[in-house]
Amino acid sequence: MNDETKHTPGPWRWIYTGDTHRLIGSGGPPIVTALSVKERDARLIAAAPDLLAELQKLVGIICSMPGFEERDVTIEDCDAAKAVIAKGTQ
């Protein structure tokens, strides 16, 4: 994986300067500069690394438990979660 395909590690934070939102990741330069980002979208984007990490952890725990499909979690649920993880990391 080259540098262009790696994601910027969190934590991320949004700062607002004048009329521009800037998404800053882990001590680096701005990842995104946006003139028209809604605050709720900015919060969701900034939470993405944490959401990914928690989903990976839950999939690893739940989908590897013996008999997980007997606990209101189906193989399709695990496959769907794994597909979302792949979408965000590949």
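In what follows, the structure referred to is the one given above.
What this report covers is the structure whose coordinates are included nearby.

The rules behind these values
Residues numbered from 1 in each chain as written. Predicted model: local features only at pLDDT ≥ 70, side-chain atom pairs only at ≥ 80, totals over all residues. Heavy atoms only, no water. Core = buried A, V, L, I, M, F, W, Y, C linked by side-chain atoms within 4.5 Å. Buried < 20%, exposed > 50% of the residue type's maximum accessible area, 1.4 Å probe, protein only. Helix = DSSP H or I, 4+ residues; strand = E, 2+ residues; numbered from the N terminus. Contact = heavy atoms within 4.5 Å. Disulfide = S-S within 2.5 Å. Axes fitted to C-alpha atoms, helices over the stretch in contact; angles between N-to-C directions. Left-handed = near helix turned anticlockwise from the far one by under 90°. Nonpolar A, V, L, I, M, F, W, Y, C, P; charged D, E, K, R; others polar.

Moving on to the nonpolar core. Within the largest apolar cluster, 7 residues are counted, these being L52, V59, C63, F68, C78, A81 and I85. The set of elements that each furnish at least two residues to this core consists of α1 (39-62) and α2 (75-89). Ranked by the residues each element gives to this core, the list is headed by α2, at 3 residues. Apart from the residues within four sequence positions on either side, C63 is in contact with L58, F68 and C78.

All right, on to the state of the cysteines then. By definition, a disulfide links the sulfur atoms of two cysteines through a covalent bond. Counted by the stated rule, this structure contains 1 disulfide. C63 shares a disulfide with C78; S-S distance 1.9 Å. Sign of the S-S torsion, about -95 degrees for the bond between C63 and C78, identifies this disulfide as left-handed. On the criterion of sequence distance, the pair formed by C63 in the loop between α1 and α2 and C78 in helix α2 is long-range, its members being 15 residues apart. C63 sits in the buried class, given a relative accessible area of 17%.

The next subject is the packing of α1 against α2. Taken N-terminus to C-terminus, the directions of α1 and α2 make an angle of 145 degrees; their axes are 10 Å apart at the nearest point. Considering the relative orientation of α1 and α2, their crossing is left-handed. Here L52, L55, Q56 and V59 of α1 lie close against α2, whose contacting residues are A81, K82, V84, I85 and T89. When the residues that make up the contact of α1 with α2 are grouped by side-chain class, the tally is 6 nonpolar, 2 polar and 1 charged.

Keep in mind that these numbers describe shape and distance, not what the molecule does.
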